[in-house]
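Analysis of the macromolecular model
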Amino acid sequence: MKAAVLALQGAFIEHEKKLSSLGISCLELREKSDLEQSFDLLVLPGGESTVQGKLLRELDMFDTLKARIEDGIKVLATCAGMILLADKIENDQRLHFATMPVTVKRNAYGRQLGSFYTEDQFKPLGKIPMTFIRAPYIKEAGKDVEILATTQGRITAARYKNQLALSFHPELNDDLRLYEWWLREKPLP
Ligand code: GLN
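A short tour of the structure in this document, coming up.

Each value, and the rule that gives it
- Residues numbered from 1 in each chain as written.
- Predicted model: local features only at pLDDT ≥ 70, side-chain atom pairs only at ≥ 80, totals over all residues.
- Heavy atoms only, no water.
- Buried < 20%, exposed > 50% of the residue type's maximum accessible area, 1.4 Å probe, protein only.
- Helix = DSSP H or I, 4+ residues; strand = E, 2+ residues; numbered from the N terminus.
- Pairing = 2+ DSSP bridges.
- Near = heavy atom within 4 Å.
- Polar contact = N/O pair within 3.5 Å; in protein donor to acceptor, adjacent residues only side chain to side chain.
- Areas by Shrake-Rupley, 256 points an atom, 1.4 Å probe, with all protein chains shown as cover.
- Nonpolar A, V, L, I, M, F, W, Y, C, P; charged D, E, K, R; others polar.
- 1 Å grid on protein atoms, 1.4 Å probe; cavity = no way out; pocket = protein on both sides within 12 Å on 5 of 7 lines; lining within 4 Å.
- Points joined across faces, edges and corners; volume = space filled by probe spheres on them.
- Contact = heavy atoms within 4.5 Å.

**Here's the deal with the pairing of strand E8 (residues 126–133)**
With six of its eight residues buried, E8 lies for the most part within the structure. Examined bridge by bridge, strand E7 (residues 115–122) and E8 share eight bridges and lie antiparallel to one another. Among the inter-strand pairings, Tyr 117 is bridged to a residue of E8, identified as Thr 131. Connecting E7 to the antiparallel partner E8 that follows it, the hairpin turn spans three residues.

**Description of the site of the ligand**
Neighbouring residues of the ligand: Gly 46, Gly 47, Glu 48, Ser 49, Cys 79, Ala 80, Ile 83, Arg 106, Asn 107, Ile 133, Arg 134 and His 169. Ile 133 has a polar backbone atom sitting 3.0 Å from a nitrogen atom of the ligand. For the ligand, the accessible surface in isolation is 300 Å², of which the surrounding protein chains cover 96%. In the shell around the ligand, the residues fall into four nonpolar, five polar and three charged.

**Focus: empty space enclosed by the protein**
Sizing a probe to match a water molecule and rolling it over the atoms shows the empty space that remains. On inspection of all chains with the given rule, the structure shows two cavities of 30 Å³ or more. Of the pockets and cavities examined, the largest cavity occupies roughly 70 Å³. If you go around the largest cavity, you meet 13 residues; those closest to its centre are Lys 74, Arg 159, Lys 161, Trp 182 and Pro 187. Mapped by element, the contributors of at least two residues to the lining of the largest cavity are strand E4 (74–78), strand E12 (163–166) and helix H5 (177–184). Considered class by class, the residues forming the lining of the largest cavity number six nonpolar, two polar and five charged. In this structure, the second largest cavity occupies an estimated 40 Å³ of space. In this structure, the second largest cavity is lined by Ile 128, Pro 129, Pro 170, Asp 175 and Leu 178. When its residues are assigned to classes, the lining of the second largest cavity shows four nonpolar, no polar and one charged.

**Notes on unusual backbone geometry**
One non-glycine residue, Asp 60, lies in positive phi territory at about 60 degrees. The residue Asp 60 is located in the loop between helix H2 (49–58) and helix H3 (62–70) in this model. Taking the relative accessible area as the measure of exposure, Asp 60 reaches 41% and is therefore partly exposed.

**Some remarks on the environment of Lys 32**
Its location among the elements puts Lys 32 in the loop between strand E2 (25–29) and strand E3 (41–44). The partly exposed category is assigned to Lys 32, whose relative accessible area is 40%. Expressed as a C-alpha distance, the spacing of Lys 32 and Ile 13, which sit 19 residues apart in the sequence, is 19 Å. Those residues in contact with Lys 32 that sit more than four places away from it in its chain are Leu 59, Asp 60 and Met 61. Of the polar contacts made by the side chain of Lys 32, one reaches the side chain of Asp 60; its length is 3.1 Å.

The structure is reproduced here in structure tokens:
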């Protein structure tokens, strides 16, 4: 099993460390030619969605990755990654992959510039650590989107078919349960 981790910007190394510790080999996606290698999983890390979206287009990686997502590759998207997947962004005009029927709000969860830690329910696992950094949340979820966490009244985790989107950063906490769950789950029909 091989995971491709988008490595243009943001917190990608932390995901690689978590996945490697579970025996998953990781490939960093830095340029178009990296997409020629085979991989079975895709990780879209936190960072700045505007920068990532721009680099994906400039480096001509956008269409291939969008097609892989539409083809059903299993995706784990955290924070900025959630914004890349959303098909509507309330406070940004530019959309990116737009493969997940959710409306997100950027920089919306918690204090504007703040980050915070909490422990809350993630439906499949119970209480897990959650670190939020200028996080988006899901304002509206389309039909067939399964809501997996609602933290302080906001949707902070959801999945749709092959795509799991999290407002928080599991890669920053010392807890592997979410990754273990993600690796063993089958995509929703
Ligand atoms: N604020 C970032 C954005 O809008 C997301 C923050 C994060 O990924 N930690 O893209």
